[in-house]
Amino acid sequence: MNAASEFFTIRTPIAYGGAQASTPLAFRWYDKDRVVRGRRLEDHLRFAVCYWHSFCWPGLDPFGGETFLRPWHHGSDAMAQARAKADVAFELFHLLDVPFFAFHDADAAPEGRTLAESVANLNAIADVFEQKMATAKVRLLWGTANLFSHRRYMAGAATNPDPEIFTYAAGQVRAALEVTHRLGGQNYVLWGGREGYETLLNTDIGRELDQLGRFVSLVVEHKHKIGFKGPILIEPKPKEPTKHQYDFDVATCYGFLQRYDLLKDVKLNIEQNHAILAGHSFQHEVALAEALGVFGSLDINRGDDLLGWDTDQFAMNVSELVLVFHEILNRGGFTSGGLNFDAKIRRQSIDPDDLIHAHVGSMDACARAFLAAADMLDAGVLTAPLAERYKGWAGAEGRAILAGQHSLADLADRAMGSGFDPQPRSGRQEYLESLVNRYV
Ligand code: XLS
Ligand code: NI
Ligand code: NI
């Protein structure tokens, strides 16, 4: 195949050119060094390129095969192909000037005949990553293991009816977690790939949940043993590939973490399109995770309003993103998390440079939304009316109720007193919607 530098026609990193930039490829909003609320934009948004969709997915759909014809997908030496793929991946990281990337074990290195061989392959490619990272800017946002593609996992990994499959998955996760640690990964992700079920005719839900709780606990124990400092992130998704995924949504994941005593070490990686599939808005999932103290990171993408599956498109929907960033920034912004492009270009986007356009467009959409959210926070556009709406709870009486200082009878007696006549107040939704529109 061609050298990495010949894969894209673009040869120099994309630069910030301002909203009026005349070149087709420039950041119009993402000015990475601009300081907003005390941090550089790059450090706020923490963009990560995702290895699987951008370098491993060949463009297939249920009705047709590969459309992209990437050179590293064709050849007989799987390790040489993995190295060629890494060359192009690092070229893209450089051209986009992103601070992070993310990968699954199976994206980086080919599966061997045995687990030992697969782990050796992964470690060899991790050596390649390590060498490249020594001189590149890019760091690792998170690593993960693919516990869903191989047929051995068709009935789940941790939730498999066979403990030997659970054991195999443990072997895979130990290797992926240790490689993530070695590469300085800031988080470790456990998306519950096939942890769910198709039919209750063959499924013991309670048992499977206990298995999943045990598996995540083992990962947490190992993380402490090797001194990995970042959080473990689980990723809510309601369906696909299984009909019913155990990590259905933020609320379900919270209940799971609480039941298995994992709240101290595990946080959530929330994905736009998974929120929608669960019948929630993206903003709802983020706001709830923040409120429950389990917000970790975001997989940034979008679905299609007319399709009920995980289309994983590049996020370009500024107005939706504004409210999400408003939630995050209002709580202080990302800590270990960031914005991972868990997004694929469409299968007709077959030019290598389409990968660059997709990322640049979405980084700009995020930056534009983020800047609008920051302006809204600075002006207190939503925070001030919210504080006003709840001000009774901030007062003496509201605080006394929440602190448990009144019994039900105390409250009832007060309500029965003469002159006690609370009045309803407007929710002002349309007024607030039009305020938001001034910033979008
Ligand atoms: C699939 C998931 C997956 C995880 C990583 O829907 O979003 O891409 O993020 O295993
Ligand atoms: Ni994801
Ligand atoms: Ni997804």
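Residues numbered from 1 in each chain as written. Chains lettered and ligands numbered in written order. Predicted model: local features only at pLDDT ≥ 70, side-chain atom pairs only at ≥ 80, totals over all residues. Heavy atoms only, no water.

Going by this rule: UniProt positions are given in the numbering used here, feature names are shortened, and annotations may be inferred rather than shown by experiment.
As named in an unreviewed UniProt entry, the protein chain is Xylose isomerase, taken from Bradyrhizobium algeriense. Regarding the protein chain, the relevant UniProt record gives this comment under Catalytic activity (unreviewed entry): "alpha-D-xylose = alpha-D-xylulofuranose". As stated in UniProt under Subunit (unreviewed entry), the record for the protein chain gives "Homotetramer."

1. Some remarks on the sheet that holds strand β4 (residues 100-104)
Inclusion rule: When DSSP finds two or more bridges between a pair of strands, those strands are recorded as paired. Each helix is a run of DSSP H or I of at least 4 residues and each strand a run of E of at least 2, with the numbering of both proceeding from the N terminus. To obtain each axis, a line is fitted to C-alpha atoms, and for helices this fit is confined to the stretch in contact; angles are then taken between N-to-C directions over 0 to 180 degrees.
Reading around the circumference, β3-β4-β5-β6-β8-β10-β11-β12 is the order of the 8 strands in this closed barrel, with parallel pairing throughout. For this sheet, the mean inter-axis angle between neighbouring strands, taken without regard to orientation, is 30°. Where β4 and strand β5 (residues 139-144) come together, 5 bridges link them in parallel fashion. Residue pairing for β5: His104 is matched across the bridge by Thr144.

2. Looking at helix α12 (residues 352-379)
For clarity, the threshold we go by: Here the expected length of a helix is defined as 1.5 Å per residue gap, with one fewer gap than residues. Partly exposed residues are those whose accessible area sits between 20% and 50% of the maximum for their type, while under 20% is buried and over 50% is exposed, using a 1.4 Å probe and protein chains only.
Taking 1.5 Å per residue as the helical rise, α12 with its 28 residues ought to reach 40 Å, and the 42 Å between its terminal C-alpha atoms agrees with that figure. Where burial is concerned, most of α12 is hidden: 20 out of the 28 residues are buried. In the segment just after α12, Gly380 is the residue with positive phi, at about 65°.

3. Here we look at the site of ligand 1
Quick reminder of the rule: Whether a residue is near a molecule or strand depends on its heavy atoms: if one lies within 4 Å, it is near. Any pair of nitrogen or oxygen atoms within 3.5 Å is treated as a polar contact; in protein, a donor-acceptor pairing is required on top of that, and neighbouring residues in sequence qualify only through side-chain atoms on both sides. Computed by Shrake-Rupley with a 1.4 Å probe, the accessible areas treat only the displayed protein chains as cover when residues are assessed. Asp, Glu, Lys and Arg are counted as charged, while Ala, Val, Leu, Ile, Met, Phe, Trp, Tyr, Cys and Pro are counted as nonpolar; the rest, among them Gly, fall into the polar class.
Around ligand 1, the neighbouring residues are Trp52, His104, Trp191, Glu235, Lys237, Glu271, His274, Asp299, Asp310 and Asp342. Interatomic distance of 3.1 Å between a side-chain N/O atom of Asp310 and an oxygen atom of ligand 1. Asp342 places a side-chain nitrogen or oxygen 2.8 Å from an oxygen atom of ligand 1. Across the complex, the protein chains shield 95% of the 300 Å² of accessible surface that ligand 1 would expose by itself. Looking at the shell around ligand 1, its residues break down into 2 nonpolar, 2 polar and 6 charged.

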